Each structure stands twice: as C-alpha cells, then as structure tokens.
Amino acid sequence: MTGATDQTRTRTAVVTGATGGMGRAIAKRLAQAGFDVAVAHSAAGTSKAENLIGELRDTGRRALAVAADVSDEPAVNDLFEAVESGLGQPDVVVHTAAINRAAPLVDLDLADFDEIQRVNVRGTFVVDQQAARRLRAGGAIVNVASTTIRLAPPALSAYTASKAAVAALTRILAKELRDRDITVNAVAPGPTRTGAFLAATGEDERRQLADLSPLGRLGTPEDIAEVVCFLAGPSGRWINGQVLHANGGVI
C-alpha cells in the first residue's frame with residue numbers, strides 16, 4: 001500500500017556533512033529516533049567522524065563512517081555501496097554538506113564561486129541522484145537549503161545562488177519520483193549557532209541576526225535536527241516537494 005512501511009525493521013539513514021554542527025545534530029537525532037546511521041564526511045573530518053560514530057553506537061544503534069567528496073560521482077557511488085554493505089539499503093538520505101565564501105559579488109574570486117557551485121549544487125545533484133536510485137519505498141530525501149534565498153543578504157551571492165538551486169532540485173525531484181513513495185523536501189535554516197557560523201560572525205552581528213526572529217534568538221543545530229527528523233519519519237509523509245524555512249520566523 002502506498003505510504004506504508006514495515007515498522008518492524010530498523011531503518012537506515014545516510015547523513016552527509018555529518019561532522020559539521022548541523023549534520024552532527026541531525027545524525028544524533030536520527031539515532032535517537034531508531035535509525036542506524038551512516039556518517040558521510042570529508043577526508044579532513046575523519047577524527048570527528050570516528051568520535052561521532054562512537055556516540056551513535058552508545059545509543060544502541062549501528063553506525064559507520066565513510067569519507068566521500070559529495071561532488072565526485074564515483075566517490076558517492078562508493079559511499080552508497082558501503083552503506084548497503086554495512087547497514088543495508090538506505091531509507092533516508094539527509095544532505096547537509098556545503099561550503100561558503102563571503103564576499104561582495106564584485107570582489108568574489110571566480111575560483112571560489114566555482115568551488116561553491118561544485119560542492120553545493122553538483123554535490124546535491126550527485127547525492128540526490130544516488131539516493132533516488134537506491135532508497136526503499138517509504139523513504140525520504142531531505143536537502144538543506146538556506147533562508148538566505150529569501151533574505152538575499154549582501155556578500156553571500158554565490159552561496160545564496162547555490163542554495164536556490166538546491167531548492168529547485170528538491171521540488172523537481174519530488175515530482176520525478178512520482179509513484180516511488182519517496183518524499184523529497186528541503187529544510188532552509190535561518191542563522192544557526194554552528195561552529196562555522198560562530199567563527200564567521202562577531203557578537204554584534206550575531207545579536208543583529210538574532211533580532212530578525214520574533215523569538216529573539218539564533219537557531220541551534222538541534223532545532224534543525226528536529227525538523228529533519230520529522231520529515232524523515234512517518235509523521236512527515238504528506239509533506240513533499242517543499243522548502244521548509246526553519247528560522248524562528250525570520251522573513
């Protein structure tokens with residue numbers, strides 16, 4: 001029956017960018033929800049990935065770590081092969097891996113622009129393509145976009161353009177997976193207290209960004225993880241092809 005899944009078996013999730021603040025919180029929240037979790041990380045994140053794997057296994061869940069460049073098709077294919085071999089066919093893919101370079105459009109080096117598009121746009125395309133080929137029925141793909149696609153902040157033209165592309169890919173793939181019983185959505189976080197965000201902003205800027213929200217605070221990685229877990233689980237099955245702005249009311 002469409003929309004029905006076998007609730008007796010353990011489900012498997014793949015989280016890219018899982019050693020970042022947001023990806024880490026998502027991986028931990030999915031493990032708490034009963035998922036076995038594959039942690040996809042950059043080569044530079046091996047130590048952090050190993051630590052995260054230990055934490056996930058402490059919850060009683062199976063977990064594995066795989067280094068992969070998300071923009072490299074053979075590497076992502078190998079990632080999914082490792083997941084299927086180690087944990088079984090995936091049910092959920094959460095794609096958080098992304099990079100940013102802040103500079104006014106007139107000053108941004110084209111090499112930086114190209115790298116942002118390679119990781120953020122091509123990476124989403126490659127990961128989503130493999131996910132669409134391999135996910136079980138009843139599965140979910142959750143991409144991470146950004147509230148910058150609404151706010152259009154200065155100095156983030158390349159990053160915002162890449163996240164607008166993520167939103168477009170999400171909506172299109174949801175339609176292309178008709179009759180597959182796989183949902184495809186994106187979460188668009190607002191300013192969120194990740195390590196990368198804190199390193200890139202000063203205290204005054206963080207206060208200004210917190211004031212954009214009627215709730216008067218910055219988001220936390222755990223705020224975003226809750227939204228992702230909802231979309232990955234049975235309660236979120238009727239949400240499809242959407243970009244959810246999880247930003248505390250920033251408009």
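An account of the accompanying structure is given in this report. Everything numeric here is computed off the predicted structure, so don't read it as measured data. (Residues numbered from 1 in each chain as written. Predicted model: local features only at pLDDT ≥ 70, side-chain atom pairs only at ≥ 80, totals over all residues. Heavy atoms only, no water.)

1. Description of helix α2 (residues 46-58)
Next, step 1: Counted at 1.5 Å a residue, the expected span for α2 with its 13 residues is 18 Å, and the 19 Å between its end C-alpha atoms agrees.
Next, step 2: When we look at burial in α2, the residues that qualify are A49, L52, I53 and L56. Taken down its axis, α2 places every buried residue within 105° of arc, on the same side. With respect to the buried face of α2, the exposed residues turned more than 90 degrees away are E50 and D58.
Next, step 3: Looking at the buried positions of α2, the neighbouring elements they touch are α1 (21-32), β2 (36-41) and β3 (63-67).
Next, step 4: Two residues or fewer past α2, G60 is found with a positive phi of approximately 95°. (Helix = DSSP H or I, 4+ residues; strand = E, 2+ residues; numbered from the N terminus. Expected span 1.5 Å × (residues − 1). Buried < 20%, exposed > 50% of the residue type's maximum accessible area, 1.4 Å probe, protein only. Arc of directions from axis to C-beta. Contact = heavy atoms within 4.5 Å.)

2. Remarks on the packing of α1 against helix α9 (residues 221-232)
Next, step 1: At a closest axis distance of 8 Å, the pairing of α1 and α9 adopts a crossing angle of 50°. Relative to α9, α1 is oriented oblique. Handedness of the crossing formed by α1 with α9: right-handed. Side by side, α1 and α9 meet where G21, M22, A25, I26, R29 and L30 of the first sit next to P221, E222, I224, A225, E226, V228, C229 and A232 of the second.
Next, step 2: Grouping the amino acids of the contact of α1 with α9 by side-chain chemistry returns 10 nonpolar, 1 polar and 3 charged. (Axes fitted to C-alpha atoms, helices over the stretch in contact; angles between N-to-C directions. Parallel < 35°, antiparallel > 145°, perpendicular 65-115°, else oblique. Left-handed = near helix turned anticlockwise from the far one by under 90°. Nonpolar A, V, L, I, M, F, W, Y, C, P; charged D, E, K, R; others polar.)

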